Amino acid sequence: MLDPNRFRRELDETASALARRFFDLDVDAIRRLEADRRDLQTRVEALRNQRNVRSRAIGKAKAAGEDVRPRLGDISRLGEELEAAEQGLGEVRDRLDAMLLEVPNLPHPSVPAGRTEAENLEVRQWGAPPRFDFEPRDHVELGSGGMDFDTAARLSGSRFVTLFGPMARLHRALAQFMLDLHVREHGYLEVYTPYLVHPKTMQGTGQLPKFEQDLFSVAGHDLRLIPTAEVPLTNIVRERILDADELPMKFVAHTPCFRSEAGSHGRDTRGMLRQHQFDKVELVHVVRPDDSYDALEELTTHAEAVLQRLELPYRVVVLSTGDMGFAAAKTYDLEVWLPGQQRYREISSCSNCESFQARRMRARWRGPQGRGTEPVHTLNGSGLAVGRALIAVLENFQDASGRVRIPDALRPFMDGAESL
RNA sequence: GGAGAGGUGGCCGAGCGGCUGAAGGCGCUCCCCUGCUAAGGGAGUAUGGGCUUAUCCCCCAUCGAGGGUUCGAAUCCCUCCCUCUCCGCCA
């Protein structure tokens, strides 16, 4: 949610900033609703004031032993008026809130304008795609021993996978390795979180109300399955006022993620690139507003460190305004090289949401010189998507015989095994 | 799931339906006193919104959440949520 004051004072500027990410803000509707809100609110408050004053007078009169009956007459008409005004105000507020909740974050000025991923800009590359003197296989072929889509389909349908034996072990090793790296070397606090959360929590990070169709719900309960640990991790500070010395906070969690993938029918149907359920190690920062862009760079290097330790070639791109997520002001994607596809594919997305989520969550901090609170800034990034990391390891470390070398960094988690 | 108890400010804790946004205490901040320490004295100390260029003032809202009764609700009624105790079930 954007700063409501912006909507009042700089509505047109806000609209043009949003136009950079191709969001069409209904300026007239907002202006109208805002004017109504203002009138109604002033009216409601004036009426309440009158009621309070008179009620208090009645109380005093009664205490003084006066006859209170003549005072009760005209106050009831006031009550009806107030009720009507309150109802009007409620409706206007609801409509205004509903609109505001569907407005995405403002892009940072450094974000390249563009409608699609075609306008993303490469920031840097690390490593070089491996050269093979044979036709590289993709992960589905390479995993044919322990990566079983048929069994998963029998259990749950399409877009699920079952891993067996060393493949399942490798999956666990990757998650374990990432978690340890972030905790031991990058200063994160490890967190275990719920995987089912209230709609309010989803609203805090921006998944709701707009993206209900992307989420899985639980029948008979008012709960949703998390599409990313960003949701529970970021909402840790929901409705809290933090002291200056509590910041920055850095959380890491390994969780499954559940996505309906509505709207991506036919895309990435082969293999385990795009699943309804996948594991991810997620990084979240809660920081002082002045620090958030430094934090974004830091967070991104933390995610990159995982790829570097795994010796996986990748590149970093800045997402264009049109390719960014709803809550993000600026996003770096990490794209890992996949020999099976001969292209870079997203394996991490690191975003600064500035105060967008904090406002929705009512997460604030108190500045060091006291006086007043303001929203914190929140950031999140994958460090990394575990399933995709598994794919990347299989495809990048294959040899002509179809064996897969295990990168050194993972061997301690694989009982020292050198290959798969 | 059943029975009971309870949810009040950063914390503890009081609160006959009427100056109670809320006593008192602790904590914290500032000031005074003090050779130092300890103790003591005084003042201040919620959040959101409206008004305002801004501050102060003033106004509105908030005592788990949402409804209701009433001129008036932290106080009465209803529903829901959460916590605790006991029972049941269970990894």
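Within every chain, residues take consecutive numbers counted from 1 along the sequence as written. Numbering of ligands from 1 and lettering of chains from A proceed in the order in which they are written. With the structure being a predicted model, the display of local features is reserved for residues of pLDDT at least 70 and the display and counting of side-chain atom pairs for 80 or more, all residues being used for whole-chain, interface and lining totals. Think of the side-chain values as coming from all heavy atoms in the structure, minus any hydrogens and water.

Our next topic: the nonpolar core. To qualify as a nonpolar core, a set must consist of buried Ala, Val, Leu, Ile, Met, Phe, Trp, Tyr and Cys residues joined through side-chain atoms within 4.5 Å. Burial status follows relative accessibility: with a 1.4 Å probe on protein chains alone, a residue under 20% of its type maximum counts as buried, one over 50% as exposed, and anything between as partly exposed. Counting 52 residues, the largest nonpolar core has Leu174, Met178 and Leu390 as the members making the most contacts within it. Every element with two or more residues in this core is listed here: α7 (165-185), β9 (277-287), α10 (292-309), β10 (314-318), β11 (330-338), β12 (343-352), β15 (377-385) and α12 (386-396). Runs of H or I in DSSP of at least four residues are treated as helices and runs of E of at least two as strands, each being numbered from the N terminus. Per-element tally for this core: the top contributor is α7, with nine residues. Two residues qualify as a contact provided that any one of their heavy atoms is within 4.5 Å of a heavy atom in the partner residue. Those residues in contact with Leu390 that lie beyond four places of it in its chain are Met147, Leu163, Met167, Leu170, His171, Leu174 and Met272. If you look at the next biggest cluster of nonpolar residues, it comprises 17 residues, including Met249, Val284, Ala358 and Ala363.

For the rest of this paragraph, the subject is the protein's contact with RNA strand B. Close to RNA strand B lie 20 residues; Arg8, Asn49, Ser55, Arg366 and Thr373 are nearest. The sugar-phosphate portion of RNA strand B accounts for 68% of its atoms within 4 Å of the protein, the bases making up the rest. For the purposes of these results, a polar contact is taken to be a pair of N or O atoms within 3.5 Å, where, inside protein, one atom must be able to donate a hydrogen and its partner to accept one; residues adjacent in sequence count only when each atom of the pair is a side-chain atom. Gln41 has a polar side-chain atom sitting 2.8 Å from a sugar or linking oxygen of RNA strand B. Contact distances for RNA strand B include 3.3 Å between a phosphate oxygen and a side-chain N or O atom of Arg51. Near is defined per residue: the residue qualifies when any heavy atom it owns lies within 4 Å of the molecule or strand.

Turning next to unusual backbone geometry. A cis amide bond, omega 0 degrees, links Leu247 with the succeeding residue Pro248. Looking at the element boundaries, Pro248 is found in the loop between β7 (241-243) and β8 (249-258). Going from Gly383 to Leu384, the amide bond is cis rather than trans, its omega being 10 degrees. Inspection of the secondary structure puts Leu384 in strand β15. With a phi angle near 65 degrees, Arg159 is a residue other than glycine that sits in the positive phi range. Residue placement: Arg159 occurs in the loop between α6 (149-156) and β3 (162-163). With a phi angle near 55 degrees, Gln342 is a residue other than glycine that sits in the positive phi range. Residue placement: Gln342 occurs in the loop between β11 and β12.

Paired strands are those between which DSSP finds at least two bridges. Reading across the sheet, the three strands line up as β7-β13-β14 and stay open at both edges, with mixed pairing between neighbours. Only two strands of the sheet have a single neighbouring strand rather than two, namely β7 and β14 (373-375). Averaged over neighbouring strand pairs, the angle between their axes works out to 35 degrees when direction is ignored. As paired elements, β7 and strand β13 (residues 364-366) share three bridges and run parallel to each other. Within β13, the position partnered with Leu242 by the bridge is Trp365. Only the stretch in contact is used when fitting a helix axis, every axis being a line fitted to C-alpha atoms; angles between N-to-C directions are given from 0 to 180 degrees.

Aromatic ring pairs: the centre-centre distance and the angle between the two ring planes describe each pair. What counts as a ring pair is set by centres within 6.5 Å for rings of Phe, Tyr and Trp (its six-membered ring), and what kind of pair is set by the plane angle: stacked under 30 degrees, edge-to-face over 60, tilted for all other angles. According to the stated counting rule, one finds seven aromatic pairs in the structure shown. Chaining the aromatic ring pairs together yields one cluster made of Phe211, Phe326 and Phe356.

Take the domain arrangement of chain A next. On domain assignment, one finds that chain A holds domain 1 (26-100) and domain 2 (117-414). Using only C-alpha atoms to locate each centre, domain 1 and domain 2 end up separated by 48 Å. Residue ranges labeled as domains rest on an automatic or database domain assignment.

Attention shifts here to the environment of Gly416. The residue Gly416 is located in the segment after α12 in this model. On the basis of relative accessibility, which here comes to 41%, the residue Gly416 falls in the partly exposed class.

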